[in-house]
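# Geometric and topological summary
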Amino acid sequence: MFQEPEIEEQAVVCGLPRAVTCIEATANSLWIGTTAGLYLYRDLRAPAASFLPEEPINALAVASATVYVAVKRNWGVYQISPSLRITPIEPPEVTTAESMEPRALAIWNNALAVASTTGLHRYALSRREWELVDREVYPYLLATGVRLWACGSQLVGFDRQYRPVERVPVRIATPPVLEQSRLWWATTSGGTVSLHRYSLGGGKTQREDFPLDDWALRAGGGSQATALARFGAFWYVGLGGRGRGMVLRLNFKAKRAELAWQGASVNALAVWRGNLMVGARDGLYALQRIE
């Protein structure tokens, strides 16, 4: 017999029946990338504006109320000003000769870092000049205080001159999260979720394992980890894949991964205005803690 789980979160549908690919949250705005355009939320009810209709959105980055957007096609990179004016960013000359799809974005040292299918590029925002700084293909970027971190076949830390100065032999297959001077990411294997952390500058990685609880296993625990977020006192892991998806709450006391939400495959998680925003294959949801 399965024991009914204790409900700690309730889900709110946020009026976006599209497949979500990425989420970027600021104090006043929530930017949602989908397989068919970019959407701006001011509250949870419905989008307040939309951009780039029908374009699949690969990545987002926000700095000082300016939003940078990468779309799936050959060199689709845009800038959205605080007044919501959208402007394409001219590509480097190499794109005239070969296909170059932008995969990830980060704002780092007064420049826009763009990880693409041809390598890592730096775009100096003030001079509007491009530079290819690394030819490796990275699916994720994360800017921290003194490093730009790129995740690929290994974790690579770049200094402010974009020189690779730190290498960690780990493969990170989900967008990493920065908290408490550590990089965090999640993996799954069988019926277990593993939470990994790397202490910046410490050269050491650690992990903790959380077997899935009965309800998570019953819902189908074979999906891969796709997203990670810290929400209140807990870490939450999104699972996705070809089948159904779910969000798991990592309970450190019980050492279990508890089912918090189930639905379509999860692609992104973010915290915004006291909600855990879930970007799924069938739309956008807000998980709210029940006190």
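### Quick word on the sheet that holds strand β22 (residues 224-231)
- One open sheet holds the four strands; their spatial order is β22-β23-β24-β25, and the pairing between them is antiparallel. Two strands bound the open sheet, and with one partner strand each, they are β22 and β25 (256-263). Taking the axes of each pair of neighbouring strands and ignoring which way they run, one obtains an average angle of 25° across the sheet.
- When strand β24 (residues 245-251) meets β25, the two strands line up antiparallel, connected through seven bridges. Following the sheet pairing, Val247 is matched in β25 by Trp261.

### Some thoughts on the packing of aromatic side chains
- Evaluation of the coordinates by the stated rule reveals nine aromatic pairs.
- Here the aromatic rings of Tyr138 and Phe158 are separated by 6.3 Å at their centres, their planes lie at 85°, and the arrangement is edge-to-face. Taken together, the residues span a long stretch of sequence, with Tyr138 in the loop between β13 (129-134) and β14 (140-143) and Phe158 in strand β16 (residues 155-158) at a distance of 20 residues.
- Over the aromatic face of Trp215 sits the side chain of Arg218, whose NZ or CZ is 5.1 Å from the ring centroid.

### Quick notes on the sheet that holds strand β1 (residues 9-13)
- In spatial order, the strands read β1-β28-β27-β26; together these four strands make up an open sheet with antiparallel pairing. Because the sheet does not close on itself, it has two edges, and the strands there are β1 and β26 (266-272). Averaged over all pairs of adjacent strands, the angle between their axes in this sheet comes to 25°, without regard to strand direction.
- Direction of pairing for β26 relative to strand β27 (residues 275-280): antiparallel, over a ladder of six bridges. Looking across to β27, one finds that Leu269 is bridged to Val278.

### Here we look at the pairing of strand β21 (residues 205-211)
- Summarising the sheet, strand β20 (residues 192-199) and β21 pair through seven bridges and their orientation is antiparallel. Following the sheet pairing, Ser194 is matched in β21 by Asp209.

### A closer look at the pairing of strand β4 (residues 37-41)
- β4 sits mainly inside the fold: five of its five residues count as buried.
- Because side chains alternate across β4, one face comprises the buried residues Gly37, Tyr39 and Tyr41, and the other comprises Leu38 and Leu40, equally buried.
- Inspection of the sheet shows strand β3 (residues 30-34) paired to β4 by five bridges, in the antiparallel sense. When the bridges of β4 are listed, Thr34 appears paired with Gly37.
- Remark: two residues form the turn of the hairpin made by β3 and β4, two consecutive strands paired antiparallel.
- Two strands pair when backbone bridges link them, and β4 and strand β5 (residues 49-51) are joined in this way by three bridges, in the antiparallel orientation.

### Quick word on the pattern of salt bridges
- The final tally for this structure, using the stated rule, is 14 salt bridges.
- Note that Glu208 and Lys255 form a salt bridge whose closest N and O atoms lie 2.3 Å from each other. Note that Glu208 is positioned in strand β21 and Lys255 in the loop between β24 and β25, a separation of 47 residues in sequence.
- You can call Lys255 partly exposed: its relative accessible area is 34%.
- The closest approach of N and O atoms between Arg249 and Glu258, which form a salt bridge, is 2.4 Å.
- Judged by relative accessible area, Arg249 falls into the buried class, the value being 2%.
- With relative accessibility at 16%, the residue Glu258 sits in the buried group.
- Each of the salt bridges in this network shares a partner with another, and the network as a whole consists of Glu9, Arg249, Glu258 and Arg289.

### Things to note about the nonpolar core
- Core analysis: the biggest nonpolar cluster contains 19 residues, and Leu228, Val237, Leu248 and Leu250 have the highest contact counts within it.
- Among the elements of the structure, β19 (182-189), β20, α1 (214-220), β22, β23 (234-240), β24 and β25 are those that each provide at least two residues to this core.
- When sequence neighbours within four positions are dropped, the list of residues in contact with Leu228 reads Val177, Trp184, Trp185, Ala186, Leu195, Trp235, Tyr236, Val237 and Leu269.
- Grouped together as the second largest cluster of nonpolar side chains are 16 residues, Phe234, Val266, Leu269 and Ala280 included.

### Some points on the environment of Gln206
- With respect to the helices and strands, Gln206 occurs in strand β21.
- Linking Gln206 and Ser99, residues 107 residues apart in sequence, is a C-alpha distance of 38 Å.
- Those residues in contact with Gln206 that sit more than four places away from it in its chain are Leu195, His196 and Arg197.

### A word on the state of the cysteines
- Taken as a whole and judged by the stated rule, the model has zero disulfides.
- As a non-bridged cysteine, Cys22 has Cys151 as the owner of its nearest cysteine sulfur, 16 Å distant.

### Thoughts on the side chain of Asn275
- Among the structural elements, Asn275 can be located in strand β27.
- Accessibility expressed as a relative area gives 6% for Asn275, which makes it buried.
- Looking at Asn275, its side chain comes within polar contact range of the main-chain oxygen of Arg273, at 3.0 Å.
- In terms of polar contacts, Asn275 uses its side chain to reach the side chain of Gln288, at 3.1 Å.
- Apart from the residues lying within four places of it in its own chain, the contact partners of Asn275 are Leu44, Phe231, Ala270, Ala286, Leu287 and Gln288.

Conventions adopted
- Residues numbered from 1 in each chain as written.
- Predicted model: local features only at pLDDT ≥ 70, side-chain atom pairs only at ≥ 80, totals over all residues.
- Heavy atoms only, no water.
- Pairing = 2+ DSSP bridges.
- Helix = DSSP H or I, 4+ residues; strand = E, 2+ residues; numbered from the N terminus.
- Axes fitted to C-alpha atoms, helices over the stretch in contact; angles between N-to-C directions.
- Phe/Tyr/Trp six-rings, centres within 6.5 Å; stacked < 30°, edge-to-face > 60°.
- Lys NZ or Arg CZ within 6 Å of the ring centre and 35° of its normal.
- Buried < 20%, exposed > 50% of the residue type's maximum accessible area, 1.4 Å probe, protein only.
- Salt bridge = Lys/Arg side-chain N within 4 Å of Asp/Glu carboxyl O.
- Core = buried A, V, L, I, M, F, W, Y, C linked by side-chain atoms within 4.5 Å.
- Contact = heavy atoms within 4.5 Å.
- Disulfide = S-S within 2.5 Å.
- Polar contact = N/O pair within 3.5 Å; in protein donor to acceptor, adjacent residues only side chain to side chain.

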